[in-house]
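Residue-level structure breakdown
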Amino acid sequence: MKISQQLIDEMIAHAREDLPNECCGMIGGSDGVATEVVRVENAAASPLRYEMDPQEQFNALKKIEGDGGELLGIYHSHTKSAAYPSQTDVNQAVAWPEQVYVIVSLADEDAPDVKAYLLADLKIADVALDVA
């Protein structure tokens, strides 16, 4: 997925603002190029997991499609652990198996780490983020 540093910075800012809880949202764009991130409330309000608020999730999809894009990915943060999918993340991904999952780790708040994965069929596969 191609993504701008500005969008990466927006996800990192969202992760920091939602501390101590995980944040979550959606990434829109087309042809594998991300053009926007849309914040979605973490209905779980938890530092250990995220659950996208259903109405906000719907609104985010409508916004992405209204802007002429499609859903390219889902992002969330890890407040204390690495930017690597937890078993909970993998289990939740069955609802959106085609999406790229981007994780923003704030384990080292001074040096956030952002990585992407495909989580289809309960397996974890790295996805390259082409940051421009």
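Look above for the structure.
Bear in mind that the values here come from a model prediction, so they are computed numbers and not experimental data.

Overview of the nonpolar core
Core analysis: the largest hydrophobic core is formed by 20 residues, its most contacted members being Met 11, Ile 27, Ala 34, Tyr 75, Val 102 and Val 104. Of all the elements in the fold, those that place two or more residues in this core are helix H1 (5-17), strand S3 (33-40), strand S4 (70-78), strand S5 (100-105) and strand S6 (113-118). In terms of residue count, the dominant contributor to this core is H1 (5 residues). Of all hydrophobic cores here, the second largest spans 18 residues; its members include Met 26, Tyr 50, Leu 61 and Tyr 101.

Side note on the pairing of S6
Sheet topology places S5 next to S6; 6 bridges connect them, and they run antiparallel. The residue bridging Tyr 101 from the neighbouring strand is Tyr 117, located in S6. Where S6 folds back onto strand S7 (residues 125-127) in an antiparallel hairpin, the turn is made up of 6 residues, including Asp 121, whose phi is positive at roughly 55 degrees.

Remarks on helix H2 (residues 54-66)
Compared with an ideal rise of 1.5 Å per residue, which puts 13 residues at 18 Å, H2 spans 18 Å between its outermost C-alpha atoms and is within 8% of the ideal. Tucked inside the fold, the buried residues of H2 contact strand S2 (24-30), S3 and S4. Gly 68 sits one or two residues past H2 and shows a positive phi near 90 degrees.

Observations concerning the pairing of S4
Burial within S4 is extensive, with 8 of its 9 residues counted as buried. For S2 and S4, the ladder comprises 6 bridges, and the chain directions are antiparallel. If you follow Gly 29 over to S4, its bridge partner there is Glu 70. Where S4 and S5 come together, 6 bridges link them in parallel fashion. Its bridge partner lying in S5, Gly 73 is registered against Val 100. The parallel pair S4 and S5 is bridged by helix H3 (residues 87-92), and the resulting crossover is right-handed.

Basis of the calculations
Residues numbered from 1 in each chain as written. Predicted model: local features only at pLDDT ≥ 70, side-chain atom pairs only at ≥ 80, totals over all residues. Heavy atoms only, no water. Core = buried A, V, L, I, M, F, W, Y, C linked by side-chain atoms within 4.5 Å. Buried < 20%, exposed > 50% of the residue type's maximum accessible area, 1.4 Å probe, protein only. Helix = DSSP H or I, 4+ residues; strand = E, 2+ residues; numbered from the N terminus. Pairing = 2+ DSSP bridges. Expected span 1.5 Å × (residues − 1). Contact = heavy atoms within 4.5 Å. Right-handed = clockwise from strand over helix to strand, strands pointing away.

These figures come from the coordinates and say nothing about function on their own.
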